Amino acid sequence: MTKKAAAEFDQRMKLAQRDGIMSVLIPGKKLFREYALEYITNSQIEAAPRTTARRAGIVNKYLLPAFGTHPVARIDRQMIQKEMNTWATSGLSIFSVRNHRQVLREVLSLAVADRVLAFNPVIDVKSPKLPKAQPKFMSPEQFHFLLNEIPHEFQAMVVVAVGTGMRISELIGLNVCNLDIDKGELSIKRSKTKAGIRTIKLGETLTGVLNNYLKETLPLRKDADGPLFVSKRGNRIHDSNFRRRVFNPALQRADMTEYRFHNFRSTSSTWLFQQGVPIPAVMDRVGHESAKTTIDHYVIATKHGRQLAVEAIEGFFTATGATFTNSSLSTSEMPENLIIEGEKKK
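Residues numbered from 1 in each chain as written. Predicted model: local features only at pLDDT ≥ 70, side-chain atom pairs only at ≥ 80, totals over all residues. Heavy atoms only, no water.

Counting its regular elements, the protein contains 14 helices and three strands. The buried share among the 346 residues of the protein stands at 39%. Partitioning the intrachain contacts of the protein with sequence separation of at least 6 by distance along the chain shows that 62% fall at a separation of at least 24. Counting every atom, the protein has about 20,900 Å² of accessible surface; 54% of that belongs to carbon and sulfur. (Helix = DSSP H or I, 4+ residues; strand = E, 2+ residues; numbered from the N terminus. Buried < 20%, exposed > 50% of the residue type's maximum accessible area, 1.4 Å probe, protein only. Contact = heavy atoms within 4.5 Å. Areas by Shrake-Rupley, 256 points an atom, 1.4 Å probe, with all protein chains shown as cover.)

Another point: the sheet that holds strand β2 (residues 185-188). If you walk across this open sheet you meet the three strands as β1-β2-β3, and the pairing is antiparallel. Of all strands in the sheet, those bounded by a partner on one side alone are β1 (179-180) and β3 (198-201). (Pairing = 2+ DSSP bridges.)

Core analysis: the biggest nonpolar cluster contains 42 residues, and Leu 146, Leu 186, Phe 229, Phe 242, Phe 261 and Phe 264 have the highest contact counts within it. Listing elements by their share of this core, those giving two or more residues are α6 (140-147), α7 (152-164), α8 (168-172), β2, α9 (203-217) and α10 (239-253). If you tally residues by element for this core, the top one is α7, at eight residues. Setting aside anything within four residues of it in sequence, one finds Leu 186 in contact with Val 160, Met 166, Leu 174, Asn 178, Leu 179, Arg 198, Thr 199, Ile 200, Leu 202, Leu 210 and Leu 228. Of all hydrophobic cores here, the second largest spans 30 residues; its members include Ile 75, Val 103, Val 122 and Val 125. (Core = buried A, V, L, I, M, F, W, Y, C linked by side-chain atoms within 4.5 Å.)

For Gln 142, the location among the structural elements is in helix α6. Each C-alpha atom of the pair Gln 142 and Ala 254 lies 9.1 Å from the other, and the pair is 112 residues apart in sequence. For Gln 142, the contacting residues outside a window of four places in its chain are Phe 137, Met 256 and Tyr 259.

With a phi close to 65 degrees, Arg 115 is a non-glycine residue in the positive phi region. Along the chain, Arg 115 turns up in the loop between α5 (94-113) and α6.

Side chains of Lys 222, Arg 233, Arg 244 and Arg 245 sit close together on the surface and give a patch of like positive charge. Structurally, Arg 244 is set in helix α10. (Patch = residues over 30% accessible without salt bridge, like charges linked within 9 Å, V, L, I, M, F, W, Y side chains within 5 Å. Salt bridge = Lys/Arg side-chain N within 4 Å of Asp/Glu carboxyl O. Lys, Arg positive; Asp, Glu negative; His and termini not counted. Charge placed at Lys NZ, Arg CZ, Asp CG, Glu CD.)

Strand direction decides the pairing type here: β1 and β2, joined by two bridges, are antiparallel. Its bridge partner lying in β2, Leu 179 is registered against Leu 186. Where β1 folds back on β2, the antiparallel hairpin that results is connected by four residues, among which Gly 184 adopts a positive phi of roughly 70 degrees. Bridging between β2 and β3 involves four bridges; their strand directions are antiparallel. Bridge pairing in β3 links Ile 188 to Arg 198.

We now examine the packing of helix α2 (residues 32-46) against helix α3 (residues 49-67). The contact between α2 and α3 brings their axes to 10 Å, and the two run at 180 degrees. Comparing their axes, α3 and α2 come out roughly antiparallel. Contact with α2, carried on its side by Phe 32, Arg 33, Ala 36, Tyr 39, Ile 40, Ser 43 and Gln 44, involves Thr 52, Arg 55, Ala 56, Val 59, Leu 63, Leu 64 and Phe 67 of α3 and no other residues of that element. For the contact of α2 with α3, a count of residues per class yields nine nonpolar, three polar and two charged. (Axes fitted to C-alpha atoms, helices over the stretch in contact; angles between N-to-C directions. Parallel < 35°, antiparallel > 145°, perpendicular 65-115°, else oblique. Nonpolar A, V, L, I, M, F, W, Y, C, P; charged D, E, K, R; others polar.)

Where α7 contacts α9, the two axes come as close as 10 Å, and the packing angle between them is 155 degrees. The angle between α7 and α9 falls in the class roughly antiparallel. Here α7 and α9 pass one another in a crossing that is left-handed. Between α7 and α9, the residues in contact are His 152, Glu 153, Ala 156, Val 159, Val 160, Gly 163 and Thr 164 and Leu 206, Val 209, Leu 210, Tyr 213 and Glu 216, respectively. Per-class residue counts for the contact of α7 with α9 are seven nonpolar, three polar and two charged. (Left-handed = near helix turned anticlockwise from the far one by under 90°.)

For Asn 42, the location among the structural elements is in helix α2. Taking the C-alpha atoms as reference, Asn 42 lies 9.2 Å from Thr 52; in sequence the two are ten residues apart.

By the secondary structure assignment, Asn 120 is in the loop between α5 and α6. Here the side chain of Asn 120 touches Val 122 through a polar contact of 3.1 Å, landing on its backbone nitrogen. Leaving out residues up to four positions away in the same chain, Asn 120 has contacts with Arg 105, Leu 108, Ser 109 and Val 112. (Polar contact = N/O pair within 3.5 Å; in protein donor to acceptor, adjacent residues only side chain to side chain.)

As enumerated under the stated definition, the model contains six salt bridges in all. Put simply, Glu 170 and Arg 167 hold a salt bridge, and the shortest N to O gap is 2.6 Å. Note on Arg 167: relative accessible area 8%, which makes it buried. Here Arg 243 ties to Asp 239 by a salt bridge, and the two come within 2.5 Å at their closest N and O atoms. Remark: Asp 239 and Arg 243 occur in helix α10; sequence separation between them is four residues, near one turn of the helix. Here Arg 243 falls in the partly exposed class, since its relative accessible area comes to 28%.

Moving on: α5. Helix length check: α5 (20 residues) gives 29 Å between terminal C-alpha atoms against 28 Å at 1.5 Å per residue, within 8%. As for α5, its buried residues are in contact with α2, α3 and α4 (77-89). Downstream of α5 by one or two residues, Arg 115 has phi in the positive range, about 65 degrees. (Expected span 1.5 Å × (residues − 1).)

If you want it as structure tokens, here you go:
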């Protein structure tokens, strides 16, 4: 959306005023479009041009057709809810519908300030709920395929990401002093949560990867105790630059654009859980305070996991020492009170 949208809105308002559509003299009958004009005018003064253009686009395309000629005093919760449902079923994303709702609320807040409305009816309107996103994880084969598309100088960081489940902010925030090669441990001193401050055991593979990486990048390093993962110039890696210049192009080359860097966390968590690692140990490794977070957002039921569940319950039945066959469970051998009514013998 550009300045053209705001200019178009102004023109429509002037034409409406010229044609006598806008009833500016009678506060009780003031139309929605009049408050919309005031809202955009205020936005031009208070907000950035891009923000104003976005708001004007929403008002022009969605709010004016729905509410423009209605007196503000007659716009109620049911009318707004009906329109929001229409937007949601017309193909608009839930995020767009929520943005439209916010702009509508801001427009009607002007009417509340003028005492034309006793309260803002948008407050009681329910926003469409966001569908619960199913976390994605990579199979070992998919990870290997993607890793081949990552430039060599960044492969170590990606391997550590999937091997530890660390957040990207934690990875790029690491310093060399946080790595203990002899103990095979990484200490995270800064994280978004209290549980994120942790020490992670690396194992032979990750320790070897990091040891080789330190040797390869030694000529680039400006400070022996500086950032653990460095750019081509020896600086600390910048999150957005890495995504834009390295990771996203690699996803495109691998035809895996449905994934994000954060999916390495769900991949790591799911793999651990799938191999029988207890939830508390998974939580400790990825830095979660709540088991619910780990289960809801990072651990995914896999085909292998479902088969393990079948095998586990089969083992339970075997352990009972009983024989579970059709003949041994036939209704002829059941007590009378356990036979389904329709199966009673006449």
